[in-house]
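Overview (structure and organization)
Residues per chain, in single letters:
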Amino acid sequence: MFKNINYLALGAVLLVVVVLLSLPTRATARLKLAAGSWFLPLFGLSSAAHQLPVDLADNLLPRRELLREIYELRHANDQFKSQALQTEAIRRENDQLRALFGWERQRPWRLQLANVIMRDPANWWRTVRIDRGSLQGLTNNLPVLSADGSLIGRIASVGRYDAQVVLIGDRNCRVSALVENSARDMGVVTASDPLDTSLVELAYLASNASLKPSQAVVTSGLGGVFPKGIPIGRIADFQPVEYGLYTEARIKLDADLGSLEQVWVLFP
Amino acid sequence: MKAMNFFKSILVLAFAFLAVFGEATLSAPRAWLGAQVDLLPVLMVYAALNTGLPTVAALAILGGVWFDTLSANPLGLSILPLFLVGWLVHFRRDLILRDLTFAQLVLGTAASGVVPLLAVLLMLSGGKELLLGWGSLWQWLVMTAVGGAATPFVFRLVDWFNRRLGYAERVETSFRPDREIHRGRL
């Protein structure tokens, strides 16, 4: 009943499992990236298919509408130019003051735009893959922001042409955060409910934290991965936990993690 | 006959590749139902009932590696749950009425429920920190129910492709020339 080929199949499966699970982390990461590249042509096709209706809609847009958009963009551009001039003046003043006090000069952030090409197929992880990799200078642990500049996660692994981003709310992406109130309460952003991607937990807040709903939460800069001051979200609600030893709050994220299309990779 | 079986194996593996790709790119199930649906267990049931153990092993290895590659799972972890399901179904396939929709539905539901459960248990026993909560129970129910409901459709789809692209089945007629009665003149 049990033929030789059946023994071979069973042996092959067990051998592959044992070898793969006992490989060192770096080798596994490389193997994953190599196997993931099989899907790259399909990702290219998929993004082209998504772009096609957008291009068609652009071609069908009436001239009057285009002229109106050009006018609005010119107007916005003029406003941004004047804001940039003001910002430049403030930056110069800031640099002079820093030089006077002997403080280290702040380096401006460098941003790189990336497209989200896939989401994690497993329900117990919260990761996405982006179309920028080591060829574009990406390394592990770089912060990743949404299109409107709020924190969404960090780079977890990098391939040549793509990278995996572990999103905020996953248990492997903990962020030291600061509540923008008078007490500057600090906590750690941890996991969230598997079903609701818009809420995450802010744990380890002091028991006497002066929290109020809708207070802004930003990165604290502690931990060395995320620079200080990146917006995360707003306090939704809070409650004392562990018999009142500390407070736990829920944060309504600024970014919509369920519909990410383009993200910024931040080079601090 | 061998070439025909070989084509069916290739077809199952191609479907597995596309299923994993679809799970990684289609966000509609996640948006509507709150969970992503996995079709690999369903394909494993098909492979276990309609092909040999080498194909079951190939599907477990390749499907598992493809799934783990696009996910944050440890590489190779999904192979064992898939193979276990395929193995059990394969060695009981003589007792299963594989063409019956109800049988397909029950097997697909069971496989879609068992595979993610085993994968999660394996990862938890390996000390991995997973995103689990009460919502995970809903996600598991969705994966199980949708996987089960999709099984008869997957069976028909793979069979349809196999008939269209593979070798045509040889149909034996009841007529046998050696048993023909030649009547003489009256």
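First, a word on scope: everything that follows refers to the structure included in this document. Since the model is a prediction, treat every value here as computed from it, not as a measurement.

A few points about the overall build of chain A
Within chain A, the regular secondary structure consists of four helices and 12 strands. For 268 residues, the compact-globule estimate of 2.2 N^0.38 gives 18 Å, and the C-alpha radius of gyration of chain A, at 24 Å, exceeds that figure by more than 25%. Taking the principal axes of its C-alpha atoms as reference, chain A extends roughly 80 × 65 × 40 Å. In chain A, 56% of the contacts between residues at least 6 apart in sequence involve partners at least 24 apart. Carbon and sulfur atoms form 57% of the exposed surface of chain A, whose accessible area is close to 16,100 Å². Distance from the positive charge centre (29 side chains) to the negative charge centre (26 side chains) of chain A: 6 Å.

Looking at the nonpolar core
Among the nonpolar cores identified, the biggest contains 61 residues, and Phe 39 and Trp 124 of chain A together with Leu 43, Leu 59, Ile 79 and Val 158 of chain B are the most heavily contacted of them. In contact with Ile 79 of chain B, other than residues within four places in its own chain, are Val 13, Val 16, Val 17 and Leu 20 of chain A together with Ala 60, Ile 61, Gly 64 and Val 65 of chain B. Counting residues in each nonpolar core, the second largest holds 42 residues, with Ile 152, Val 217, Ile 230 and Ile 251 of chain A among its members.

Section: the sheet that holds strand β4 (residues 151–158) of chain A
Pairing between the strands of a sheet is mediated by backbone hydrogen bonds and can be parallel or antiparallel. All names here are of chain A. Spatial strand order, β1-β2-β5-β4-β3-β12: six strands in a closed barrel with antiparallel pairing. Here the strands of the sheet are splayed against their neighbours by 45° on average, with no regard to which way each runs. Judged from the three bridges that link them, strand β3 (residues 143–146) and β4 form a sheet pairing that is antiparallel. Paired with Leu 145 across the two strands is Leu 151, which belongs to β4.

Some words on the sheet that holds strand β8 (residues 199–206) of chain A
Residue and element names in this part refer to chain A. Read around the barrel, six strands follow the order β6-β7-β8-β11-β10-β9 and close on themselves; strand pairing throughout is antiparallel. Direction aside, the axes of adjacent strands within the sheet are offset by 40° on average. Here four bridges tie strand β6 (residues 175–179) to strand β7 (residues 186–189), and the two strands are oriented antiparallel to one another. What sits directly across from Leu 178, in β7, is Met 186.

Rules used throughout
- Residues numbered from 1 in each chain as written.
- Chains lettered and ligands numbered in written order.
- Predicted model: local features only at pLDDT ≥ 70, side-chain atom pairs only at ≥ 80, totals over all residues.
- Heavy atoms only, no water.
- Helix = DSSP H or I, 4+ residues; strand = E, 2+ residues; numbered from the N terminus.
- Rg over C-alpha atoms; globule rule 2.2 N^0.38 Å.
- Contact = heavy atoms within 4.5 Å.
- Areas by Shrake-Rupley, 256 points an atom, 1.4 Å probe, with all protein chains shown as cover.
- Lys, Arg positive; Asp, Glu negative; His and termini not counted.
- Charge placed at Lys NZ, Arg CZ, Asp CG, Glu CD.
- Core = buried A, V, L, I, M, F, W, Y, C linked by side-chain atoms within 4.5 Å.
- Buried < 20%, exposed > 50% of the residue type's maximum accessible area, 1.4 Å probe, protein only.
- Pairing = 2+ DSSP bridges.
- Axes fitted to C-alpha atoms, helices over the stretch in contact; angles between N-to-C directions.

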